[in-house]
Amino acid sequence: MRTIYLAVVALVAAFFTSSCTPKQVVVDDQLPAGNIVFERIINDTVYVHQSLRGSKKAWFYWAFRVRGAQGKRLTFVFTKSFALCERGPLVSLDKGKSYEYLAEEGSTPHTFTYTFPDDAKEVWFYECHPYTPQMWEAFLSKRSHKGDFETGVLCKTRKGRDVPFFRMTTKNSLPKKSVVVSARHHCSEAPASYVMEGFVAAFLEDSQLGAWLRENVELTVVPFVDMDGAVDGDQGKWRLPHDHNRDYTEFLYPETAAFASLMAETEPQVFMDFHNPKLYKYNDNYIYTPYKAFSGVTEYNFSALIEKYQEGDLDYRASDNMPYGVSWNKAGNYTDGLNVTGWVHNNIKSIEICRTFEIPFAYANGKLVYPDKMRKFGHGIARALKAYIEGEELVTEIPVVPAQ
Ligand SMILES: [Zn+2]
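Residues numbered from 1 in each chain as written. Predicted model: local features only at pLDDT ≥ 70, side-chain atom pairs only at ≥ 80, totals over all residues.

1. A short note on the overall build of the chain
When helices and strands are counted, the chain shows 9 helices and 17 strands. Over its C-alpha atoms the chain spans a radius of gyration of 24 Å, differing by no more than 12% from the 22 Å that the globule rule assigns to 404 residues. By its C-alpha atoms, the chain is 90 × 50 × 40 Å across when sized along the principal axes. With 404 residues in all, the chain has 42% of them scored as buried. (Helix = DSSP H or I, 4+ residues; strand = E, 2+ residues; numbered from the N terminus. Rg over C-alpha atoms; globule rule 2.2 N^0.38 Å. Buried ≥ 20, exposed ≤ 12 C-beta atoms within 10 Å, placed from the backbone.)

Rendered as structure tokens:
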């Protein structure tokens, strides 16, 4: 009898403890590529800012999780510098399995408000769609033609991590072209990785295109150049004393030195490096390539082919590409050091196409940007590559651009 009595007391106590104690809202960075500095919470307003972690200028990457906010409506304020695109943050209620933009709730470059569902014990918020090394591995593990490629380690990072490397060589013939693609020279530019993934997917699929690519193209991929920053959730951009994509003069980072060696050994004809631009209303509303001073008619023709063969409803227009000498795309942008495309152009004699892609965070010519659309855009680049190798010419001279 006494045992039953004690058990009932314990149950009643547990009920009151769980239902009457106010839940504590906890904001932290314990999620993949997490980055947040929690400042304070006053009533229903949470004050935070993104951690720059050694970047010399303000940048906008952040990622945090919130626990204990079930049923609450909270406003988050970024106190240091702008941190949100026009669609607001990405929100995940299932620990990263799926994400949605939060635009319906309204947001500004510095604030957003979110009503937590009553059963949402843990909610993840990201500045942009994340793309982690685990996602790259999961992508490869689900593909066909696993026997046709090798994976390995490009080098070790300063923190001792392996920088992943992928290569697919032609089996029965000499490749017509060798292609190298890379992402995350700026580690926080995660959404661009979906374009890279979509491009690689074309090589690994059971289709006429896939078969043709495997027969004719050698493909080398370095999906996370700044691997430490991609895992740790750093900004990467403006990293002191200069970031990875300004390190091709000094080679302070083991990843860039190893990448340069890889390029010299591979001698590709095509090199593409995937990026995201600035977050908010600054050349960020369409996909574009910033042309270099050296960009010739071959680049312009390739752009036209990408426009023609594009997939994914992101409305890429070759005319959106940024001529050299316009906006930020000037010599003054490279005083910190040479970027990777500049180095490749100067040092890899075989190179024909050498370019960066800037993939907007939220909108591309009015179309909302989602991972699947980015993957499809990458897949379309592979179709354009085939057309290029087969000699299709849409542009035979560089369009005249008014001086600025
Ligand atoms: Zn970048």
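What follows continues from the structure just given.
2. Comments concerning helix α6 (residues 254-266)
The terminal C-alpha atoms of α6 lie 18 Å apart, and with 13 residues this matches the ideal 18 Å at 1.5 Å per residue to within 8%. For α6, the set of buried residues is Glu255, Thr256, Ala258, Phe259 and Met263. Viewed along the axis of α6, the buried residues span an arc of 160°, placing them on a single side of the element. Exposed positions of α6 whose direction lies more than 90 degrees from the buried face are Ala264 and Glu265. Phi for Glu267, located one or two positions after α6, is positive at around 50°. (Expected span 1.5 Å × (residues − 1). Arc of directions from axis to C-beta.)

3. Brief notes about the domain arrangement of the chain
Assigned domains of the chain: these are domain 1 (17-126) and domain 2 (133-389). Relative placement of domain 1 and domain 2: their C-alpha centres are 30 Å apart. With 19 residues of domain 1 in contact, the opposing surface of domain 2 contributes 15 residues. In the side of domain 1 that touches domain 2, the residues fall into 9 nonpolar, 4 polar and 6 charged. (Domains from an automatic or database assignment. Contact = placed C-beta atoms within 7 Å. Nonpolar A, V, L, I, M, F, W, Y, C, P; charged D, E, K, R; others polar.)

4. Points about the sheet that holds strand β10 (residues 149-156)
Taken together, the 6 strands give an open sheet; going across it, the order is β10-β11-β13-β12-β14-β15, and neighbouring strands pair in mixed fashion. Two strands lie at the open edges of the sheet, namely β10 and β15 (353-358), each paired on one side alone. Between one strand axis and the next, the sheet turns by 20° as a mean value, whatever way the strands run. Direction of pairing for strand β11 (residues 162-168) relative to strand β13 (residues 217-222): antiparallel, over a ladder of 3 bridges. The residue of β13 that forms the bridge with Phe166 is Val221. (Pairing = 2+ DSSP bridges. Axes fitted to C-alpha atoms, helices over the stretch in contact; angles between N-to-C directions.)

5. Regarding the sheet that holds strand β1 (residues 26-28)
The antiparallel open sheet is built from 5 strands, whose spatial order is β1-β4-β9-β6-β7. Both edges of this open sheet fall to β1 and β7 (100-101), since each of them pairs with a single strand only.

6. Points about the environment of Ala318
In this structure, Ala318 sits in the loop between α7 (297-309) and α8 (340-347). Taking the C-beta count within 10 Å as the criterion, Ala318 has 21 such neighbours and is therefore assigned buried. Spatially, the C-alpha atom of Ala318 lies 26 Å from that of Val222, the residues being 96 residues apart in sequence. In this structure Ala318 touches Ser303, Ala304 and Glu307, once residues within four positions along its chain are discounted.

7. A closer look at the environment of Lys121
Within the secondary structure, Lys121 is located in the loop between β8 (111-115) and β9 (122-126). With 52 residues separating them along the chain, Lys121 and Ala69 place their C-alpha atoms 7.0 Å apart. Beyond its immediate stretch of four places on either side in the chain, Lys121 contacts Arg67 and Gln70.

8. Some thoughts on the packing of helix α4 (residues 208-216) against helix α9 (residues 371-389)
With their axes 11 Å apart at the nearest point, α4 and α9 run at an angle of 55° to one another. Compared by their axis directions, α4 and α9 come out oblique. The crossing of α4 and α9 is left-handed. Note on element contacts: α9 touches α4 through Ala382, Arg383, Lys386 and Ile389, opposite Leu209, Trp212, Leu213 and Asn216. Among the residues making up the contact of α4 with α9, the classes are represented as 5 nonpolar, 1 polar and 2 charged. (Parallel < 35°, antiparallel > 145°, perpendicular 65-115°, else oblique. Left-handed = near helix turned anticlockwise from the far one by under 90°.)

9. Some remarks on the nonpolar core
Core analysis: the largest hydrophobic core is formed by 95 residues, its most contacted members being Ala63, Phe64, Val195, Met196, Phe199, Phe274 and Ile287. In terms of residue count, helix α3 (residues 192-203) provides more of this core than any other element does, 8 residues in total. Residue-level mapping places this core at the junction of two domains, with at least three residues from each of domain 1 (17-126) and domain 2 (133-389). Setting aside anything within four residues of it in sequence, one finds Ile287 in contact with Leu314, Tyr316, Asp320, Phe357, Glu358, Ile359, Pro360 and Ala364. (Core = buried A, V, L, I, M, F, W, Y, C linked by C-beta atoms within 7 Å.)

10. Some details on the confidence of the model for the chain
Per-residue confidence for the chain gives a mean pLDDT of 91, with 92% of residues at or over 70. Considering only residues more than four positions removed or in separate chains, one finds that residues 1-21, a stretch of pLDDT under 50, has 0 contacts. (pLDDT = per-residue confidence, 0-100.)

11. Some details on the pairing of strand β4 (residues 63-67)
Judged by how many residues are buried, β4 sits mostly within the fold: 4 of 5 residues are covered. For β1 and β4, the ladder comprises 3 bridges, and the chain directions are antiparallel. When the bridges of β4 are listed, Val26 appears paired with Arg67.

12. So, the environment of Leu262
Assignment of secondary structure puts Leu262 in helix α6. On the basis of neighbour counts, which here come to 18 C-beta atoms within 10 Å, the residue Leu262 falls in the partly exposed class. When the C-alpha atoms of Leu262 and Thr220 are compared, they prove to be 9.2 Å apart, with 42 residues separating the residues in sequence.

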